[in-house]
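Listed below are the residues making up each chain.
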Amino acid sequence: MMTRNLKAEVMIAGEQLRLRLHDSKLIKDRRHHLRTYPNCFVAQELIDWLIAHKEASDRDTAVRLMQHLMDHDIIHHVCDKWPVFRDAKYLYRFRKDDGTFPFNIEVKIFMRGQRLYEQVISSKDSISQVRQEEGVAYERSFPGYMLIDWLLQNSEIESRRQGLDLCKALLEHDIIQHVSQKHHFFDSGLLYQFCINFRRRRRLSELLHETENEEVECATHQTQEDQPDSPFTLRKSPPSEGNSDFLCVQPNKDSSLSRNVRCGSVTHQQHSPCGGYPASLNAAVRCNPTSVLKRHVTCEELLSPDTPYVKRVLTILGDALGWGFVVRGKSPCYVQAVDPGGPAATAGVKVRQFVCRVNGRSVLYLDYRTLSRLVMTGPRVVTLEVMESLD
């Protein structure tokens, strides 16, 4: 629920920013190389605008804010040439302005819930009023049957059964809730409320801070609980003799790892691994292993025609416990460790490989946190395009 609520906050903040930029005439048709790009903005101009309107304290923060929106598919480069947001004279556009927003079921329900919220709240005789249930008064609440009546009167649905299904979906996607959160949705006198105040002003800087806090909280939470259904959970089966490490690197000198805990379980507030398996840890596992890279490698070096790296496409069929590899780094990401008995090792994933694409999407310029979200929200079968040294 935390991740879903945060995603909703980002979508709302992105939409509010889009409308403000339209009002400021920052979004408009622009011509570049004899071609006209409708409804786009210049990255540098937007950075200036964010700082002037105190949405960001400096240019680096502003770039991080816009990259946050790119990671959530709110904006993109007009030609999808750059997977990262750059403080330059590049043209970007809101996906809602060009119809490329990924409308999956969750997004469709969210956007319909937002539209219904606006109609219910702004209507002259709104059904959202102060009402009582079990002696407790609840502001902006409405009976379940009354919401379905309203949907029928406004031609939002064709039957009460359809309305019941819609309201159940709204509740399951955290758009509405029972006032005391005791019941699912029923076509009855039980009271419900909207969970999200779509009109509340969201500051982008606050959302970025909330996202970073959530990542830390998730890492901390996962060190305290076993989550066998998570695709990033360590494999709990007893390690075979002589293969009990899953340690492809040496930990820092002041830290030690238990030999029966795999490297994928190492988590840290600033260096949490991605693609690995956060699992229950003991205190000794809280360390930051040194990089397995022999030297720093840039994206430009990997893309060079005479690069000393060869490209490979690997398909990993994850099991119930995950994929069995850890990636680290920031543009480009690389494989830090591989579980010798996991699906990644079976597919041919090796330490020091650089990850270029995930399920056909370029990730070369993304950091490990973004890559982690991409893998975690994708299918169980992951197709990796990697580059490994010819040496």
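What should I look at first to understand the pairing of strand β2 (residues 35-42) in this one?
When a strand is regular, its side chains alternate between the sheet's two faces. In terms of strand pairing, strand β1 (residues 28-32) meets β2 through 4 bridges, oriented antiparallel. The residue of β2 that forms the bridge with R30 is Y37. Hairpin geometry of β1 and β2 is characterised by an intervening segment of 2 residues between the two adjacent antiparallel strands and by a positive phi of about 55 degrees at H33. Summarising the sheet, β2 and strand β4 (residues 91-94) pair through 2 bridges and their orientation is antiparallel. Bridge pairing links V42 to L91 in β4.

How should I be thinking about the pairing of strand β5 (residues 129-133) in this particular structure?
Two elements, β5 and strand β6 (residues 136-143), share 4 bridges in a ladder whose sense is antiparallel. Counted as the bridge partner of E133 is V136 from β6. Hairpin remark: β5 followed by β6, antiparallel, with 2 residues in the connecting loop; positive phi at E134, about 55 degrees.

Would you mind going over the packing of helix α5 (residues 105-122) against helix α7 (residues 160-172) with me for this structure?
Two numbers describe a pair of packed helices, the interaxial angle and the distance between the axes. In the contact formed by α5 and α7, the axes pass within 10 Å of each other and the chain directions differ by 105 degrees. On the basis of their axis angle, the class for α5 and α7 is roughly perpendicular. On α7, the residues touching I109, R112, G113 and L116 of α5 are L166, A169 and L170. Residue classes in the contact of α5 with α7 are distributed as 5 nonpolar, 1 polar and 1 charged.

Would you take a moment to explain α7 for this structure?
Owing to its 3.6 residues per turn, the α-helix brings residues three or four apart onto one side. Taking 1.5 Å as the rise per residue, α7 with 13 residues should run 18 Å; its terminal C-alpha atoms sit 18 Å apart, in good agreement. Within α7, the full set of buried residues consists of G163, L164, L166, C167, A169, L170 and L171. The inward-facing, buried residues of α7 abut α5, α6 (144-153), β7 (176-178) and β8 (191-194). Where α7 ends, the next residue or the one after it, D174, has phi of about 60 degrees, a positive value.

What's the story with the sheet that holds β8 in this structure? I'm lost.
Sheet strands associate in pairs through backbone hydrogen bonding, adopting either a parallel or an antiparallel arrangement. In space, the 4 strands of this open sheet follow the order β5-β6-β8-β7, with antiparallel pairing throughout. Each edge of the open sheet is held by one strand with a lone partner, namely β5 and β7. The average angle at which neighbouring strand axes cross in this sheet is 60 degrees, direction not considered. Those strands touched by α5 are β6 and β8, and its axis lies near 110 degrees from that of β8. Across the sheet, α7 lies against β7 and β8, angled at about 90 degrees from β7, the strand it touches most.

Where do I start with helix α11 (residues 368-376) in this structure?
Turning to α11, its buried residues are Y368, T370, L371, S372, L374 and V375. Check the buried side of α11 and you find it contacts α3 (59-71), β10 (325-328), β12 (354-358), β13 (361-362) and β14 (381-389).

Hey, could you run me through the pattern of salt bridges in this one?
Oppositely charged side chains can pair when the atoms bearing their charge come close. Counting across every chain of the model gives 19 salt bridges. The salt bridge partner of R160 is D149, with a shortest N-O separation of 2.6 Å. In this pair, R160 is assigned in helix α7 and D149 in helix α6, connecting sequence segments 11 residues apart. Across the salt bridge formed by E388 and R312, the nearest N and O atoms sit 3.5 Å from each other. With E388 in strand β14 and R312 in strand β9 (residues 309-317), this pair connects stretches of sequence that are 76 residues apart. Residue classification places R312 among the partly exposed positions, given a relative accessible area of 28%. What emerges from the salt-bridge pattern is a single network uniting E15, R18, K96 and D97.

What counts as what
- Residues numbered from 1 in each chain as written.
- Predicted model: local features only at pLDDT ≥ 70, side-chain atom pairs only at ≥ 80, totals over all residues.
- Heavy atoms only, no water.
- Pairing = 2+ DSSP bridges.
- Helix = DSSP H or I, 4+ residues; strand = E, 2+ residues; numbered from the N terminus.
- Axes fitted to C-alpha atoms, helices over the stretch in contact; angles between N-to-C directions.
- Parallel < 35°, antiparallel > 145°, perpendicular 65-115°, else oblique.
- Contact = heavy atoms within 4.5 Å.
- Nonpolar A, V, L, I, M, F, W, Y, C, P; charged D, E, K, R; others polar.
- Expected span 1.5 Å × (residues − 1).
- Buried < 20%, exposed > 50% of the residue type's maximum accessible area, 1.4 Å probe, protein only.
- Salt bridge = Lys/Arg side-chain N within 4 Å of Asp/Glu carboxyl O.

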